[in-house]
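Observations on the three-dimensional arrangement
One letter stands for each residue in the lines below.
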Amino acid sequence: MPLGAAVPPSRLSGSIAGIQPDDVRVFAGSSAVLFAWAGGRVGWVRFALVGQDTLEPPPEFREEHVHWETAKEGILVGIAEHH
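Read on for a plain summary of the structure. Everything numeric here is computed off the predicted structure, so don't read it as measured data. (Residues numbered from 1 in each chain as written. Predicted model: local features only at pLDDT ≥ 70, side-chain atom pairs only at ≥ 80, totals over all residues. Heavy atoms only, no water.)

Helix and strand counts for the chain come out as one helix and six strands. Reading the secondary structure of the chain in the N-to-C direction produces β-α-β-β-β-β-β. Each of the 83 residues in the chain was classed as buried or not, and the buried ones make up 28%. Pairs at least 24 residues apart make up 25% of the contacts formed inside the chain by residues separated by at least 6 positions. (Helix = DSSP H or I, 4+ residues; strand = E, 2+ residues; numbered from the N terminus. Buried < 20%, exposed > 50% of the residue type's maximum accessible area, 1.4 Å probe, protein only. Contact = heavy atoms within 4.5 Å.)

Next comes the structure, spelled out in structure tokens:
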């Protein structure tokens, strides 16, 4: 099962396109939105998850190699390091 519904780049608003995410996904059940940026040669993948105040990362991202922090209520930021 895919992780959320992918939003095609052509459907992004100007403000969202301006932050240049590599991937944007919407989770229907929680209405949360996941933004992802690939790290290129550095090997990091950065995430921002925006939703309601009681936001939790999707189960697929509750792994040891993804570190999440609360930026503010309803906004989580995460980073995964791959070697």
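This part takes up the sheet that holds strand E2 (residues 23-27). Spatial strand order, E1-E2-E3-E4-E6-E5: six strands in an open sheet with antiparallel pairing. Strands at the two margins of the open sheet, each flanked by one partner only, are strand E1 (5-6) and strand E5 (66-72). Of the pairings in the sheet, the one linking strand E4 (residues 44-50) to strand E6 (residues 75-81) comprises seven bridges and is antiparallel in character. Pairing of Ala48 across the sheet is with Val77, part of E6. (Pairing = 2+ DSSP bridges.)

The next subject is the pairing of strand E3 (residues 32-38). Here E3 lies mainly inside the structure; five of its seven residues are buried. As paired elements, E2 and E3 share five bridges and run antiparallel to each other. Paired with Asp23 across the strands is Ala36, a residue of E3. For E3 and E4, the ladder comprises six bridges, and the chain directions are antiparallel. Bridged to Ala36 within E4 is Phe47.

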